[in-house]
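What follows is the residue order along each chain.
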Amino acid sequence: MTNKGSVPKKLSFISIYFLGINAVIGSGTFLLPSVIYRYMNLSAIFVLLCTALTVSMIALCYADLSSRFTGSGAAWLYSYNAFGRFAGYELGIFTWFLGCTTLSAEVVALLTILKSFLPIFKNPYVYAGGVIFLILLFSIINFFGRSWVKVVNNISAAAKIITLIVFIVVGVFFIKFTNFSHVIPHAALTGFMPFVKHFGAAFTPIFYLFTGFSFIPIAAKQMNNPEKNIPRVLIAVMTSVTILDCLMLLVAIGLSGEKLGGYSNPLANALKTGVGEWGFAFMIVGMLISIFGVAFSASFNTPSLIASLATEHGMLPRWIGKKNKHDAPWVGIIFTAILSGALATQSYLFLVSCTVLASFVQYVPSILAVIKFKHTDEYPTHGFSLPGKYTIPIIALIISCYMITNFTVPTLLLGTVVAVIAAACYFFIKEDKVAEEKHESFLARLRNKAFDETKK
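So, here's what we can say about the structure. It should be emphasised that the depicted structure is a prediction, and the values quoted were computed from it without experimental measurement.

Reading the values: rules and limits
- Residues numbered from 1 in each chain as written.
- Predicted model: local features only at pLDDT ≥ 70, side-chain atom pairs only at ≥ 80, totals over all residues.
- Heavy atoms only, no water.
- Helix = DSSP H or I, 4+ residues; strand = E, 2+ residues; numbered from the N terminus.
- Buried < 20%, exposed > 50% of the residue type's maximum accessible area, 1.4 Å probe, protein only.
- Areas by Shrake-Rupley, 256 points an atom, 1.4 Å probe, with all protein chains shown as cover.
- Core = buried A, V, L, I, M, F, W, Y, C linked by side-chain atoms within 4.5 Å.
- Contact = heavy atoms within 4.5 Å.
- Salt bridge = Lys/Arg side-chain N within 4 Å of Asp/Glu carboxyl O.

Before going further, it helps to examine the overall build of the protein chain. Per the secondary structure count, the protein chain includes 18 helices and 0 strands. Across the 456 residues of the protein chain, 55% fall into the buried class. Summing over all exposed atoms, the protein chain offers an accessible surface of approximately 20,100 Å²; the carbon and sulfur share of this is 70%.

Along an α-helix, residues three or four apart share an orientation, since each turn contains 3.6 residues. Within helix α3 (residues 33-40), 6 of the 8 residues are buried, which leaves the element mostly enclosed by the surrounding structure. The complete set of buried residues in α3 reads P33, S34, V35, I36, Y37 and M40. In the segment just after α3, N41 is the residue with positive phi, at about 50 degrees.

Soluble globular proteins tend to pack their nonpolar side chains together in the buried interior. F167, F210, F213, L316 and Y348 are the most contacted members of the largest nonpolar core, which has 136 residues in total. At 17 residues, the largest contribution of residues to this core is made by helix α6 (residues 85-117). Look past the residues within four positions of F210 in its chain and what remains in contact with it is V24, L48, T51, A52, V55, M238, V241, T242 and D245.

On to the side chain of T95. Tracing the backbone through its elements, the reader meets T95 in helix α6. Other than its neighbours up to four places away in sequence, T95 contacts W76, L305 and Q362.

The next point concerns the pattern of salt bridges. A complete count under the given rule lists 2 salt bridges for this structure. Note that K374 is salt-bridged to D64, the shortest N-O span being 3.8 Å. In this pair, K374 sits in helix α15 (residues 348-376) while D64 sits in helix α4 (residues 44-68), placing the two residues 310 residues apart along the sequence. Its salt-bridge partner being K272, residue E277 comes within 3.3 Å of it at the nearest N-O pair. When its relative accessible area of 51% is taken as the criterion, E277 is described as exposed. For K272, a relative accessible area of 33% translates into the label partly exposed.

Below, the discussion takes up unusual backbone geometry. A positive phi angle, close to 50 degrees, is found at N41, a residue other than glycine. Considering the arrangement of structural elements, one finds N41 in the loop between α3 and α4.

Another aspect to go through is the environment of I165. Of note, I165 is situated in helix α8 (residues 149-171). We classify I165 as partly exposed; its relative accessible area is 41%. When the C-alpha positions of I165 and L244 are compared, they lie 8.0 Å apart, and in sequence the two are 79 residues distant.

Written out as structure tokens, the structure reads:
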């Protein structure tokens, strides 16, 4: 029997590491190599390394912020404390929107894979039925079976790591070095602007491969020695994922060459080229399990976020945070299912772009928050401080702002609509005084702690 006064067991470094791997490696790893190769050929490896460096700098900014606010790690909370309630509210809505686009993208990815060997899913009515079935399935499980989350996460993490390692280890023996002859598309060599256009077109989908890193600081309060382990986990996850993605892309190009750009299931088809049908079947099974796990995790975390905004921080009406007897935020689950289902009618690449845009909206204010806190010393760090003072956040900010030049008009339009609707609703939402006072009390304790440490 568990002692009521016992302290919940903290997550170890290795536990958070695998949770981070599971959050970062998703459908993009399996489906986007063809798009990336199409724009930059073998030079896509260079773009991938540039993107990994960029995301790593942003991730280090998150590490700095999470060491200042050890009780939580959400981007909207950083903005709330740095720039006020409205900024925190907008970031909170965009974080929820990010969860919905991620869930939709993973659902569309699952159905895209099913299309490759079950032609019936090419029928628009069957496809729509598949979207509804998956969204309802995730919602029902979250209503009644939330204890499955850890099991599904573990199975998914193991499946994706094993699938990628088998692909790399087996595929490397069937590489044809003549497939590496196409270093960069001829169209990208006709001038500086064409090169920038091709680079940017590859940068956005590659960026999608790393967007899940923000999960790691959010879990900081559940870790042993978070002030030491957060930077270590971030560096370990980003390094591991970068190595895996580079090797995966190299092997895929070595197996397929120019054909890679035309595949809908690039890794499965690439391994099929090398070893035959069993390679295709193995990759399909591994991909389905992996992507199902990521979608399920998104369907679990996203409703909890919007419920938290309502019940813990008073930024939304309290009824949005209502929970059932299974402790599931049933209103948040319904809202998430509706928006995710609507978004799942769009193409996979459009949803990838929307996810990157929502990430961009989170990253920029978070980076600015680092700069502000370093200047004011309002909230001190606890164990980890970003080296170089303003250097890393300024570089990360400049490169993040470059991302906006790569978004399409429909993507920017949707982001604008979300921001405007959220802003309009803000002025009609009655503030929850109890939640607001509770949050202000929490901030006051942080300020007093910072003052005491300054005196010491």
